[in-house]
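# Residue-level structure breakdown
Each chain, written out:
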Amino acid sequence: MASSDKAVKTVHVTAYTQGNAFEDGLLGVNTEITRKGYFGGLSAQLLNNRKFFAGDQAPAGWDVSGETAAFITDRKEESLCRSNFIDVRNGCLSQTSQYIRLKQEDTYELKIWAKAISESAELTVNACGETATLKLFANSEPYTELSCRIAAGSATVNNKEGTFAITVKGEAEIFEVSLMCVDNFYGMRKDVVEALKYIAPTSVRFPGGCAADHFDWHQSLVAPEFRVPAHGGDKWFLFPDTYNQDCLDIGLNEFMMLCKEIGAEPEITVSLLLSDGEDARKYVEYCNGGANTEFGAKRQALGLDAFNVKLWFVGNEVYFFGREYQHDAVLAAARTDEIIRGMRAADKDIIPVPGLTWAEAFKPWNHTFVAAMKEPYEFVSYHNYIGILPDASQGENGMATCEMLETNFADGSDIGLDFYKNELFSDSFGPIRVCADEWNYSWGKPSSNALFFSNCLQFHFFANYADKYHISRAEFFMPVNEGMITVDGPECRVESSGELLKLMQGHRGGKIMRATSDSDDVDLLITSHEDMLYVSVVNRRSEPLKLDIDGFSAVNSVQIRTGEYSFSSNEYVIDRPEEPDNVVSGHSILFMTLEKAYRD
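Residues numbered from 1 in each chain as written. Predicted model: local features only at pLDDT ≥ 70, side-chain atom pairs only at ≥ 80, totals over all residues. Heavy atoms only, no water.

### Side note on the overall build of the chain
Selection criterion: The numbering of helices and of strands both runs from the N terminus, where a helix is a DSSP run of H or I of at least 4 residues and a strand a run of E of at least 2. In this description the radius of gyration comes from C-alpha coordinates, and the expected globular size is given by 2.2 Å times residues to the power 0.38. Only protein chains enter the accessibility calculation, which uses a 1.4 Å probe. A residue is then buried if its area is under 20% of the maximum for its type, exposed if over 50%, and partly exposed in between. By definition, residues are in contact when any of their heavy atoms lie within 4.5 Å. Every accessible area reported is derived by Shrake-Rupley at a probe size of 1.4 Å, with residue values counting cover from the shown protein chains alone. Counted as positive: Lys and Arg. Counted as negative: Asp and Glu. His and the chain ends are not counted at all. One atom stands in for each charge, and that atom is NZ of Lys, CZ of Arg, CG of Asp or CD of Glu.
Per the secondary structure count, the chain includes 13 helices and 31 strands. Whereas a compact globule of 600 residues would reach a radius of gyration of roughly 25 Å, the chain reaches 26 Å, a difference of no more than 12%. Across its three principal axes, the chain shows a C-alpha extent of roughly 90 × 60 × 50 Å. Within the chain, buried positions represent 58% of all 600 residues. Sequence-distant contacts in the chain: of pairs separated by 6 or more residues, those separated by 24 or more amount to 76%. Accessible surface for the chain amounts to roughly 23,600 Å². Of this, 47% is attributable to carbon and sulfur atoms. Where the 54 positive side-chain charges of the chain centre and where its 88 negative ones centre are 3 Å apart.

### Quick word on helix α11 (residues 449–464)
Selection rule: Helices are assigned an expected span. That span is 1.5 Å times one less than the residue count.
Taking 1.5 Å per residue as the helical rise, α11 with its 16 residues ought to reach 22 Å, and the 23 Å between its terminal C-alpha atoms agrees with that figure. The buried fraction of α11 is high, at 16 of 16 residues.

### A look at the sheet that holds strand β16 (residues 265–270)
Two modes of strand pairing occur in sheets, parallel and antiparallel, and in both the strands are linked by backbone hydrogen bonds. Note the following rule: Two strands pair under a simple rule: DSSP has to find at least two bridges between them. Fitted lines through C-alpha atoms give the axes, limited to the stretch in contact for helices. The angle between two N-to-C directions lies from 0 to 180 degrees.
Spatially, the eight strands line up as an open sheet ordered β18-β17-β16-β13-β2-β21-β20-β19, and their pairing is parallel. Two strands bound the open sheet, and with one partner strand each, they are β18 (351–354) and β19 (379–385). The average undirected angle you get between the axes of adjacent strands in this sheet is 25 degrees. Pairing geometry for strand β20 (residues 433–440) and strand β21 (residues 471–477), over four bridges, is parallel. Its bridge partner being in β21, V434 is matched across the sheet by I471. Sheet strands touched by helix α10 (residues 415–424): β19, β20 and β21. Its angle to β19, the strand with the most contacts, is close to 155 degrees.

### As for the side chain of Q505
Our working definition: Identification of polar contacts relies on pairs of N or O atoms within 3.5 Å, with a donor-acceptor requirement for protein atoms, meaning one able to donate a hydrogen and the other able to accept it, and with residues adjacent in sequence counted only if both atoms are side-chain atoms.
Looking at the element boundaries, Q505 is found in the loop between α13 (496–504) and β24 (511–517). Of the polar contacts made by the side chain of Q505, one reaches the backbone oxygen of I199; its length is 3.5 Å. Other than its neighbours up to four places away in sequence, Q505 contacts L27, I199, A200 and P201.

### Re the pattern of salt bridges
Keep this limit in mind: Basic side-chain nitrogens of Lys or Arg form a salt bridge, by our definition, when they fall within 4 Å of a carboxyl oxygen of Asp or Glu.
A complete count under the given rule lists 36 salt bridges for this structure. Here R75 ties to E78 by a salt bridge, and the two come within 2.9 Å at their closest N and O atoms. On the basis of relative accessibility, which here comes to 34%, the residue E78 falls in the partly exposed class. Counted as one network, the salt bridges with shared partners bring together K9, E406, D521 and R541.

### Structural notes on the confidence of the model for the chain
So the rule is basically this: For every residue, the pLDDT score states the predictor's confidence, bounded by 0 at the bottom and 100 at the top.
A residue-level look at the chain finds 95% of positions with pLDDT of 70 or above and a mean pLDDT of 93. Predicted confidence is poor over residues 1–5, with pLDDT under 50, and the contacts of this stretch with residues over four places away or in other chains come to 13 contacts.

### Section: the packing of helix α4 (residues 277–288) against helix α7 (residues 329–346)
We apply this condition: Working rule for handedness: look at the near helix, and if it is turned counterclockwise from the far one by less than a right angle, call the crossing left-handed; if clockwise, right-handed. Classification used: nonpolar for Ala, Val, Leu, Ile, Met, Phe, Trp, Tyr, Cys and Pro, charged for Asp, Glu, Lys and Arg, polar for all others including Gly.
The N-to-C vectors of α4 and α7 enclose an angle of 35 degrees; their axes lie 7 Å apart at closest approach. With respect to the hand of their crossing, α4 and α7 are arranged in right-handed fashion. Contact with α4, carried on its side by G277, A280, R281, V284 and E285, involves E338, I339, G342, M343, A345 and A346 of α7 and no other residues of that element. Its residues assigned to classes, the contact of α4 with α7 shows six nonpolar, two polar and three charged.

### Considerations on helix α3 (residues 252–262)
Most of α3 sits out of view: nine of its 11 residues are buried. Once α3 ends, the next one or two residues include G263, with phi positive near 75 degrees.

Here's what the structure looks like:
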């Protein structure tokens, strides 16, 4: 991965005019409740489908054995969260998965919500070899909450998967189970929270994305064990790792605590399918209202002060997943207006963001929607995934796609943003601000050097052409297990794109400089900070390049240096040389702080 100075080409750069300010809002992330972003990622919960949700089917992920065991699917009102439950009589309930992996020397809290059918029952729990026995006695209450702590010894650590089992001696109905590290942050893994704090996004969007159409915010007003699981419906891509459901262990309140902990501004998406004007008013009142309001008082009763959420996305990809609104843009505009009016009734200062698209097939929908909207708005939503994945004809490394990426954003234009500026708002683009609230190379993909390279160029594009396209905000989709932070059992690591977001922070507070270079092999972002420049330079090619910026010398440098340029390799290093290095390796990014080489 090292480069030699022998054949290094020097690229000469002149930074000449100071332009618009670097927008802090470009450094946001979108933490949609989807795939392994929450369960298997941010969530501290180790047990999959812990509420036994499965509609009228036997709950997936669980095995039962013994004298008598039955999945109860027709008495949902008896469970804590209107889900299914399991009747076990002298039997065993177990789950084996990659997520049940205890970390040596950590302590875990076990909880079981159950009811004894006979006078008493004995529940013996085995978690990766660690055991505990709990007594359950019959009483008049609808359930009993049992709990104990389990210390993980060295023998319990399994690199691939583990087993959790409850053996019942007697008769018991088991409603829910939970196993998570005692040292958690509102049900979230502290190491993942620390990783998010490290990469330091300026804003976080919740609950999505498409997940917003399956998220009932009212569930967040009760404790996690009482929340009705969210069901993914026909959206197979939302919860494929949790049997098409999410237990909502991380709800609205937990999300707000996360934003406060990592120092990020919260943003919320309101569903057109689940909300109307009155529900939206209550939603905003709960988040922003004073203790003298109905829903503000509910929040205060939970010990939470006002969240003061300003940015509210209204609908998400309605033109594609909007049911009746998908086929009737006028109806979608009317519901959007209704929701905005409701939100403003609770807080006149909220900033609504209607959802639009640039896709060719939906252009007529967009024109009709914009023409029918009555309520004023300033921001509009924009989603951009490169999305071109290598196929078998390109070989394992997908080199044809990788070569295409080398020229991405090189001409300073974007087909979707051109549609917004030149067609959809051709006569009224002046006050419009764009929020790229979903962007990444492609959703659902793990970190790789090709994905990282694309993200470098897209970050630069949003900043360098923010003034041209009125881009004020951008949210990377999504940070956990899809590019920036990878969680694998007990391990959590920040990836190259996470380091990229961290190092892009150096541009904050600066003015974007216009620059020329004698080579199109580099992609530059330069911001001025009084007498200093902060520079990030992406090498579009495989050969190393040396950067020379007229009139400035490097004070320090940091480089994210990639290995094999492909979708199959994730090898990279962070170089922090003692002496500044102006050489950037192929398909890598170099950050430099520069000062004037001479004083006036």
